[in-house]
Amino acid sequence: MAPYITDSSLLSEYQTKVLEENFKPGKVPDATTLTLVAAECGLSEEETQKWFKQRTSQWRQAEGLPAELGSVLD
């Protein structure tokens, strides 16, 4: 994944590594994990949650699935 969280902020190599290590395809981190990962990366919980959402979307597209969850017919 590109190391961008938003158009204006670039993640460091360390932040990207921590986020990727905590990324599990198809799973959204629980609130505690999200808080811990955000603290370790020095990001807000909102930025961290956005990264996981974008990363999950990218993973789904790579798997040939719709970017967002929906019905089987999507």
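See above for the structure.
Values in this document were obtained by computation on a predicted structure and should not be read as measured data. (Residues numbered from 1 in each chain as written. Predicted model: local features only at pLDDT ≥ 70, side-chain atom pairs only at ≥ 80, totals over all residues. Heavy atoms only, no water.)

**Things to note about the overall build of the chain**
Heads up, the condition is: Elements are defined by DSSP. Helices are runs of H or I of four residues or more, strands are runs of E of two residues or more, and each kind is numbered from the N terminus. Only protein chains enter the area calculation, which uses a 1.4 Å probe; residues under 20% of their type maximum are buried, those over 50% are exposed, and those in between are partly exposed. In this description, contact between two residues means that some pair of their heavy atoms is separated by no more than 4.5 Å. Computed by Shrake-Rupley with a 1.4 Å probe, the accessible areas treat only the displayed protein chains as cover when residues are assessed.
Secondary structure summary: the chain contains three helices and zero strands in total. Counting helices and strands in the order they occur from the N terminus, the chain gives α-α-α. Counting across all 74 residues of the chain, residues that qualify as buried make up 27%. Considering only contacts in the chain between residues 6 or more positions apart, those separated by 24 or more positions represent 49%. Summed over its atoms, the accessible surface of the chain is roughly 5100 Å², and 54% of this surface lies on carbon and sulfur atoms.

**Quick word on the pattern of salt bridges**
Quick reminder of the rule: A pairing counts as a salt bridge when a side-chain nitrogen of Lys or Arg comes within 4 Å of a carboxyl oxygen of Asp or Glu.
What the rule picks out here adds up to two salt bridges. Residue Lys17 pairs with Glu21 through a salt bridge whose shortest N-O separation is 3.7 Å. Here Lys17 and its partner Glu21 are both found in helix H1 (residues 13-22), four residues apart, which amounts to about one turn of the helix. For Arg55, the salt bridge goes to Glu20, with nearest N and O atoms at 2.9 Å. Of the two residues, Arg55 is situated in helix H3 (residues 45-62) and Glu20 in helix H1; the sequence distance between them amounts to 35 residues.

**Comments concerning the packing of helix H2 (residues 31-41) against H3**
In plain terms, the rule: Note on method: axes are straight lines fitted to C-alpha atoms, helices fitted across the in-contact stretch only, with angles between N-to-C directions ranging 0 to 180 degrees. In what follows, roughly perpendicular refers to angles from 65 to 115 degrees, roughly parallel to angles under 35, roughly antiparallel to angles over 145, and oblique to any angle outside these ranges. Note on residue classes: Ala, Val, Leu, Ile, Met, Phe, Trp, Tyr, Cys and Pro are nonpolar, Asp, Glu, Lys and Arg are charged, and everything else, Gly too, is polar.
Contact geometry for H2 and H3: axes closest at 9 Å, N-to-C directions at 110°. Regarding the angle of H2 to H3, the classification is roughly perpendicular. Taking contact as the criterion, the partners of Leu34, Thr35, Val37 and Ala38 in H2 are, on H3, Glu45, Thr48, Gln49 and Phe52. In terms of residue class, the contact of H2 with H3 is built from four nonpolar, three polar and one charged.

Functional significance is not addressed by these values, which are geometric in nature.
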